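# Topology and contacts: notes
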Amino acid sequence: MKRYFYLKVKKITTKDIAVMGLMLSLYLVLNLIAGYSIPPFFITLNLQFIPLFVLACYTDWLRTLIVVFLAGIIAFFMPANYDSAIPLAYLFDYFIPLLLVALCSVFIPREYKQYLEKANVNLKFWDRVKFNIKRISLWILNRWIFILVIIIYSFLGFWSKTFAGVLFYGQYAPEGQGVWIYSMSVNAVNSAFDLLLYLITIPIICYTLTPLKNKIY
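The notes below deal with the structure included here. (Residues numbered from 1 in each chain as written. Predicted model: local features only at pLDDT ≥ 70, side-chain atom pairs only at ≥ 80, totals over all residues. Heavy atoms only, no water.)

## Quick notes on the nonpolar core
Grouped together as the largest cluster of nonpolar side chains are 37 residues, with contacts concentrated most on Phe53, Val101, Tyr153 and Tyr198. For this core, the secondary structure elements donating two or more residues are helix H1 (14-34), helix H2 (49-58), helix H3 (61-75), helix H4 (87-107), helix H6 (144-168) and helix H7 (179-208). Contact partners of Phe53, with chain neighbours within four places excluded, come to Val101, Cys104, Ile108, Tyr153, Tyr198 and Ile202. If you look at the next biggest cluster of nonpolar residues, it comprises five residues, including Ala89, Phe168, Tyr169 and Val186. (Core = buried A, V, L, I, M, F, W, Y, C linked by side-chain atoms within 4.5 Å. Buried < 20%, exposed > 50% of the residue type's maximum accessible area, 1.4 Å probe, protein only. Helix = DSSP H or I, 4+ residues; strand = E, 2+ residues; numbered from the N terminus. Contact = heavy atoms within 4.5 Å.)

In structure tokens form, the structure reads like this:
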């Protein structure tokens, strides 16, 4: 029987602390590199959430919660944080989406199986590439609960960031346009971009790192 809820946690070991520290460091570095917005829709390449999702997929909600909580506190003081003058906006724009990653850890599947045999080594290079893309695509399609969790995360994150936008963008909203409409339009583009980014990268990274995960855990 497949499991769709992962509430049980194990004792945190030195190995866990090392992995958690690595993922926290990756988050902070990526947040510093890719955390800046691009006008006019203030699109942000939120690569920093990818290592946190990988941690959520491979460990449990407690380890993920510890990391995202620390990430939320440290990121508040980083230069890529535009909401530092409005702490409540930061709470909804960054901190709550981080906490939602820990919630996702309860539901994201832990079993990552291959659904096709490996590509024949005698195939031509592009044939092997096409075969592997098909294999990964089939794996993703068979992980419907994985995809559903990411979609729900993006939906909840959209509304959290929209409320943050109401607090932050109020003075920048075009004349004659409601601040809620302006915030929703800006964050809808960002959330759609994030959803596409996460659906493409997170399952593939988890799939690729499965052998490493099996050795560590």
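So, next bit.
## Description of empty space enclosed by the protein
Leftover empty space is mapped by rolling, across the atoms, a probe with the size of a water molecule. Under the defined criterion, the tally for this structure stands at one cavity of 30 Å³ or more. Lining the largest cavity, in full, are Phe49, Pro97, Tyr153, Ser154, Gly157, Phe158, Lys161, Ser191, Asp194 and Tyr198. Of all the secondary-structure elements, those providing two or more residues to the lining of the largest cavity are H6 and H7. Take the lining of the largest cavity: its biggest share by element is five residues, from H6. Along the lines of polarity and charge, the residues of the lining of the largest cavity split into five nonpolar, three polar and two charged. (1 Å grid on protein atoms, 1.4 Å probe; cavity = no way out; pocket = protein on both sides within 12 Å on 5 of 7 lines; lining within 4 Å. Points joined across faces, edges and corners; volume = space filled by probe spheres on them. Nonpolar A, V, L, I, M, F, W, Y, C, P; charged D, E, K, R; others polar.)

## Concerning the environment of Met23
Looking at the secondary structure, you find Met23 in helix H1. By relative accessible area, which is 13% here, Met23 ends up buried. Along the chain, Met23 and Leu55 lie 32 residues apart, while their C-alpha atoms are 7.1 Å from each other. Beyond its immediate sequence surroundings of up to four residues, Met23 is in contact with Pro51, Leu52, Val54 and Leu55.

## Re the packing of H2 against H3
Orientation of H2 relative to H3, taken along the N-to-C sense of each, is 160°, at an axis distance of 8 Å. Regarding the angle of H2 to H3, the classification is roughly antiparallel. On H3, the residues that touch Leu52, Leu55 and Ala56 of H2 are Arg63, Thr64, Val67 and Val68. Residues belonging to the contact of H2 with H3 are distributed by class as follows: five nonpolar, one polar and one charged. (Axes fitted to C-alpha atoms, helices over the stretch in contact; angles between N-to-C directions. Parallel < 35°, antiparallel > 145°, perpendicular 65-115°, else oblique.)

## Things to note about the side chain of Ser160
Turning to its location among the elements, Ser160 is positioned in helix H6. Take Ser160: its relative accessible area is 7%, and that puts it in the buried class. Not counting chain neighbours up to four residues away, the residues in contact with Ser160 comprise Phe92, Ile96 and Pro97.

## Overview of the pattern of salt bridges
As enumerated under the stated definition, the model contains three salt bridges in all. One salt bridge connects Arg63 with Asp60, and the closest N-O pair in it is separated by 2.4 Å. One exposure class covers both Arg63 and Asp60, and it is buried. In this structure, Asp194 engages Lys161 in a salt bridge whose closest nitrogen and oxygen atoms are separated by 3.6 Å. Here Asp194 is found in helix H7, whereas its partner Lys161 is found in helix H6, with 33 residues between them in sequence. A relative accessible area of 4% means that Asp194 is categorised as buried. Residue classification places Lys161 among the buried residues on the basis of a relative accessible area of 13%. Each of Asp16, Asp60 and Arg63 takes part in a single network of salt bridges with overlapping partners. (Salt bridge = Lys/Arg side-chain N within 4 Å of Asp/Glu carboxyl O.)

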